[in-house]
Amino acid sequence: MIWVILAVLVLLVIWFVATYNGFVSLRNRVDEAFSTMDVYLVKRYDLIPNLVETVKGYTKHESETLEKVIKARNAAVSATTPAEKLESETELAGTLSRLFALTEAYPELKANTNFMNLQDQLNKMEGEIANARKYYNGVVKTFNTKCETIPSNIIAGICGFVKQPMFVVQDESQRDSVKVQF
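Residues numbered from 1 in each chain as written. Predicted model: local features only at pLDDT ≥ 70, side-chain atom pairs only at ≥ 80, totals over all residues. Heavy atoms only, no water.

A. Structural view of the overall build of the chain. Secondary structure assignment for the chain yields six helices and zero strands. In the chain, the succession of α and β elements from N to C terminus is α-α-α-α-α-α. When each of the 182 residues of the chain is scored for burial, the buried share is 34%. Counting only contacts in the chain whose residues sit at least 6 apart along the sequence, the fraction spanning at least 24 positions is 77%. (Helix = DSSP H or I, 4+ residues; strand = E, 2+ residues; numbered from the N terminus. Buried < 20%, exposed > 50% of the residue type's maximum accessible area, 1.4 Å probe, protein only. Contact = heavy atoms within 4.5 Å.)

Now the structure itself:
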């Protein structure tokens, strides 16, 4: 009888260690996915002031829109937690779409080589960011599922593993596509 109890205890310890290690591995993948996304976001943050300066030269009386873009960019740069970063990114995406919609009224801006180059770089960066967000959300989904399903949720509760935020569109107006024609 003592061998059965000992065998059950050993199996429980092995299960606990394997589950804990699985959580650590997934948490590290979540961190890595967020960091990858953050690298692309920083590259985008670096492009935005150049884009705004190019637009500013052509749109002197559109300062409110340009100020909103810079304010949203600065808020995104200064965000410290993943939740703050995700929220500020939603705001920044909205202001950028308004900036590109604004350029429709300025044909000479649409013909500017610097502007076209910056917009092309930003569009490529947006594609990279979208891919990084998909990867991040996929890893977070796996992690969150493990945090909520039985029996691994027991280990999650004991060891302090908590659900991570998904990257979602929070502003319904961003779900609508912005028509930008050049």
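Picking up after the structure, the text goes on.
B. Focus on the packing of helix α3 (residues 82-102) against helix α5 (residues 113-148). Closest axis-to-axis distance for the α3/α5 pair is 13 Å, and the angle between their directions is 150°. Taken together, the axis directions place α3 and α5 in an arrangement best described as roughly antiparallel. Crossing hand, α3 versus α5: left-handed. Here α3 contributes L86, E89, L96 and F100 to the contact with α5, which in turn contributes F115, Q119, L122, E126, R133 and Y136. (Axes fitted to C-alpha atoms, helices over the stretch in contact; angles between N-to-C directions. Parallel < 35°, antiparallel > 145°, perpendicular 65-115°, else oblique. Left-handed = near helix turned anticlockwise from the far one by under 90°.)

C. Molecular detail of the confidence of the model for the chain. Here the chain averages 84 in pLDDT, and 89% of its residues register 70 or above. No element of the chain has a lower mean pLDDT than helix α4 (residues 107-110), which averages 72, and none a higher one than helix α6 (residues 152-159), which averages 95. Within the model, pLDDT remains below 50 along residues 172-182, and this stretch shows 21 contacts once partners closer than five positions in the same chain are excluded. (pLDDT = per-residue confidence, 0-100.)

D. Highlighting the packing of aromatic side chains. Summed over the entire model, instances satisfying the criterion amount to five aromatic pairs. Between F23 and F143, the aromatic rings sit 6.0 Å apart at their centres with planes inclined by 80°, giving edge-to-face as the arrangement. A residue pair is termed long-range when its members are at least 10 positions apart, and F23 in helix α1 (residues 2-58) and F143 in helix α5 qualify at 120 residues. By the burial criterion, F23 is buried, and F143 matches it. A centroid spacing of 4.8 Å and a plane angle of 10° characterise the contact between F23 and F161, whose relative ring orientation is stacked. Placement of the pair is F23 in helix α1 and F161 in the segment after α6, with a sequence separation of 138 residues. (Phe/Tyr/Trp six-rings, centres within 6.5 Å; stacked < 30°, edge-to-face > 60°.)

E. Highlighting the pattern of salt bridges. Across all of its chains, the model carries six salt bridges by this definition. Where E148 meets K163, a salt bridge forms, and the shortest distance between an N and an O atom there is 3.3 Å. Of this pair, E148 sits in helix α5 while K163 is found in the segment after α6, placing the two residues 15 residues apart along the sequence. Residues joined in a network through salt bridges with shared partners are R44, E89, E126 and R133. (Salt bridge = Lys/Arg side-chain N within 4 Å of Asp/Glu carboxyl O.)

F. How the structure looks around the packing of helix α2 (residues 63-78) against α3. Contact pair α2 / α3: the axes reach a minimum separation of 8 Å and the direction vectors enclose 155°. The pairing of α2 with α3 is recorded here as roughly antiparallel in orientation. Between α2 and α3 the crossing geometry is left-handed. On α3, the residues touching T65, L66, K68, V69, A72, R73, A75, A76 and V77 of α2 are K85, S88, E89, E91, L92, T95, L96, R98, L99 and L102. Split by residue class, the contact of α2 with α3 holds 10 nonpolar, three polar and six charged. (Nonpolar A, V, L, I, M, F, W, Y, C, P; charged D, E, K, R; others polar.)

G. α3, seen in detail. Under the 1.5 Å per step criterion, the end-to-end length of α3 is 30 Å for 21 residues, consistent within 8% with the ideal 30 Å. Looking at α3, one finds that the buried residues are K85, L86, S88, E89, T90, L92, G94, T95, L96, L99, F100 and L102. (Expected span 1.5 Å × (residues − 1).)

H. View of the side chain of N144. Within the element layout of this structure, N144 appears in helix α5. Residue classification places N144 among the buried residues on the basis of a relative accessible area of 7%. Those residues in contact with N144 that lie beyond four places of it in its chain are K163 and Q164.

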